[in-house]
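Examination of the molecular architecture
The primary structure of each chain is shown beneath.
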Amino acid sequence: MLDGLLKSLSELDLPKNADVRFVIIDNDRAGNARLIVEKWQKVFPTPLAYELEEAPGVTHVRNRALKLAGEADLLAFIDDDEFAHPSWLGALVQRYRETGAASVFGPVQPVYPQGAAAWMKKWGVHGTPITQDRDQTKPGATCNCLIDMAIVRKEVMEFDPRMSFTGAEDTLFFTQLLDRGYRLTQAKDALVYEHVPEERARADWLLRRWYRTGLTDAVIAGRNSTPGVARLKSGMHGVIRVVIGSALTALTALITLGQNKRAIMSRAYTVSRGLGMISFALGKSYEEYGRKQKSA
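Report follows, based on the coordinates.

Conventions we followed
- Residues numbered from 1 in each chain as written.
- Predicted model: local features only at pLDDT ≥ 70, side-chain atom pairs only at ≥ 80, totals over all residues.
- Heavy atoms only, no water.
- 1 Å grid on protein atoms, 1.4 Å probe; cavity = no way out; pocket = protein on both sides within 12 Å on 5 of 7 lines; lining within 4 Å.
- Points joined across faces, edges and corners; volume = space filled by probe spheres on them.
- Helix = DSSP H or I, 4+ residues; strand = E, 2+ residues; numbered from the N terminus.
- Nonpolar A, V, L, I, M, F, W, Y, C, P; charged D, E, K, R; others polar.
- Pairing = 2+ DSSP bridges.
- Phe/Tyr/Trp six-rings, centres within 6.5 Å; stacked < 30°, edge-to-face > 60°.
- Buried < 20%, exposed > 50% of the residue type's maximum accessible area, 1.4 Å probe, protein only.
- Lys NZ or Arg CZ within 6 Å of the ring centre and 35° of its normal.
- Core = buried A, V, L, I, M, F, W, Y, C linked by side-chain atoms within 4.5 Å.
- Contact = heavy atoms within 4.5 Å.
- Expected span 1.5 Å × (residues − 1).
- Patch = residues over 30% accessible without salt bridge, like charges linked within 9 Å, V, L, I, M, F, W, Y side chains within 5 Å.
- Areas by Shrake-Rupley, 256 points an atom, 1.4 Å probe, with all protein chains shown as cover.
- Salt bridge = Lys/Arg side-chain N within 4 Å of Asp/Glu carboxyl O.

On to the layout of surface pockets. Counted as a void, the second largest pocket has a volume near 390 Å³. Every residue lining the second largest pocket is counted, 18 residues in all, and those nearest its centre are Asp160, Arg162, Val219, Ile220 and Phe280. Only helix H8 (203-221) and helix H9 (227-255) provide two or more residues apiece to the lining of the second largest pocket. Considering only residue class, the lining of the second largest pocket consists of eight nonpolar, six polar and four charged.

As a further point, take the sheet that holds strand S5 (residues 103-105). Spatially, the five strands line up as an open sheet ordered S3-S8-S5-S9-S7, and their pairing is mixed. Pairing within the sheet leaves two strands with one partner each, and these edge strands are strand S3 (74-78) and strand S7 (135-136). Of the pairings in the sheet, the one linking S5 to strand S8 (residues 144-148) comprises three bridges and is antiparallel in character. Across the sheet, residue Ser103 finds its bridge partner in S8, namely Ile147.

Right, let's get into the packing of aromatic side chains. Following the criterion strictly, the structure yields ten aromatic pairs and no others. When the ring of Tyr211 is compared with that of Tyr286, the centres are 5.6 Å apart and the planes differ by 75°; the resulting orientation is edge-to-face. Taken together, the positions of Tyr211 in helix H8 and Tyr286 in the segment after helix H10 (261-281) put the pair 75 residues apart, joining distant regions of the chain. A relative accessible area of 21% places Tyr211 in the partly exposed class. By the ring-pair criterion, three or more aromatic residues cluster together here, those being Phe77, Phe105, Phe159, Phe173 and Phe174. Against the face of Phe77 rests Arg62, its NZ or CZ located 5.4 Å from the ring centre.

Grouped burial of nonpolar side chains is what soluble globular proteins tend to show. In this structure, Leu6, Leu9, Phe22, Leu48 and Trp88 are the most contacted members of the largest nonpolar core, which totals 28 residues. Sorting the residues of this core by element identifies helix H1 (2-10), strand S1 (22-26), helix H2 (34-41), strand S2 (48-52) and helix H4 (88-99) as the ones contributing at least two each. A per-element tally of this core places H4 first, with five residues. Leave out the neighbours within four places in its chain, and Leu6 touches Ile24, Ile36, Val37, Trp40, Phe44 and Leu48.

On to helix H3 (residues 58-69). For H3, built from twelve residues, the straight-helix expectation of 16 Å at 1.5 Å per residue is met to within 8% by its first-to-last C-alpha distance of 17 Å. Within H3, the full set of buried residues consists of Thr59, Val61, Arg62, Asn63, Ala65, Leu66 and Ala69. On its buried face, H3 sits against S1, S3, helix H6 (149-155) and helix H7 (169-179). Of the residues one or two after H3, Gly70 is the one with positive phi, at around 50°.

The subject of this paragraph is H7. Glu169, Asp170, Leu172, Phe173, Phe174, Thr175 and Leu177 are the residues of H7 that are buried. Buried residues along H7 sit in contact with H3, S5, S8, H6, strand S9 (184-186) and H8. With its phi angle positive at about 85°, Gly181 sits one or two positions after the end of H7.

Our focus in this paragraph is a nonpolar patch on the surface. Taken together, the side chains of Val239, Ile240, Val243, Ile244, Leu248, Leu251, Leu254 and Ile255 present a nonpolar region at the surface, about 770 Å² in accessible area. Topologically, Leu251 is positioned in helix H9. Classification of Leu251 as partly exposed rests on a relative accessible area of 45%.

Looking now at the pattern of salt bridges. Throughout the structure, instances matching the rule amount to 20 salt bridges. The salt bridge partner of Arg64 is Glu51, with a shortest N-O separation of 2.7 Å. Of this pair, Arg64 sits in helix H3 while Glu51 sits in strand S2, and the two are 13 residues apart along the sequence. For Glu51, a relative accessible area of 22% puts it in the partly exposed group. For Glu288, the salt bridge is made with Arg212, and the minimal N-O distance between the two is 2.7 Å.

A regular strand places its side chains so that they alternate between the two faces of the sheet. Where strand S4 (residues 82-84) meets strand S10 (residues 192-195), three bridges bridge the pair, whose relative direction is antiparallel. Note that in S10 the partner of Glu82 across the bridge is Glu194. Here strand S6 (residues 108-111) runs beside S10; their pairing, made up of four bridges, is parallel. The residue of S10 that forms the bridge with Gln109 is Tyr193.

The structure is reproduced here in structure tokens:
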């Protein structure tokens with residue numbers, strides 16, 4: 001997939017009057033991405049660098065990118081399981097130039113494996129649809145975004161290392177930008193495509209992801225409260241979601257005779273998220289991106 005990403009980046013319609021550089025940050029201590037990057041460095045139309053970040057976890061990769069950006073004006077993120085439409089970077093930069101927003105987010109269109117359920121493909125639940133150029137009042141994700149580095153330097157911001165294995169470090173980062181009164185916006189033409197592997201194209205994976213979302217959302221919601229108050233509020237909100245969501249899930253399954261999987265799963269989202277909130281209230285954690293560290 002990294003090979004496909006680099007191919008798409010090599011074919012971008014680059015923004016005018018911009019000095020663009022690309023960096024691949026490898027989070028595998030064995031450096032398995034190095035050979036792929038070196039192959040592309042020979043033919044890449046713009047500077048392409050390779051960096052190895054040995055500290056395991058996505059937050060360390062994000063923060064390495066912030067450091068590498070140095071005195072750059074803008075930093076764009078794209079994941080290695082994605083590939084970009086030719087207009088991707090240009091659309092992000094254009095929207096930034098129009099708005100001066102702290103961050104710009106683009107749509108993510110999922111690419112499903114052949115065996116994925118029809119209801120899942122039609123729903124596109126793994127993606128992020130954006131159909132208009134407009135501001136947003138909720139945080140976005142780093143899988144397709146542009147960040148104003150002057151603001152990052154001014155506010156002395158970084159991605160929270162405590163969330164490196166749980167995920168949602170980007171949600172917290174952009175929530176903090178909103179807390180400080182900065183503008184977030186969307187660029188509908190800044191499209192990227194995301195490969196959805198077989199193991200993620202499953203209902204049980206979605207339920208686990210939504211459970212984790214509830215847990216990390218509770219962490220973020222309680223960022224300005226004492227631990228006791230944060231857990232109490234999270235527990236109350238979680239119980240409400242589980243009770244209401246369970247009733248709606250059962251009712252939907254009954255009315256549709258279990259045939260409308262999309263409708264049933266959309267109700268189950270509320271239940272899973274509520275369970276995550278209850279887990280936070282009980283002092284539990286869930287490392288979606290956890291992994292054993294390999295010896296150097």
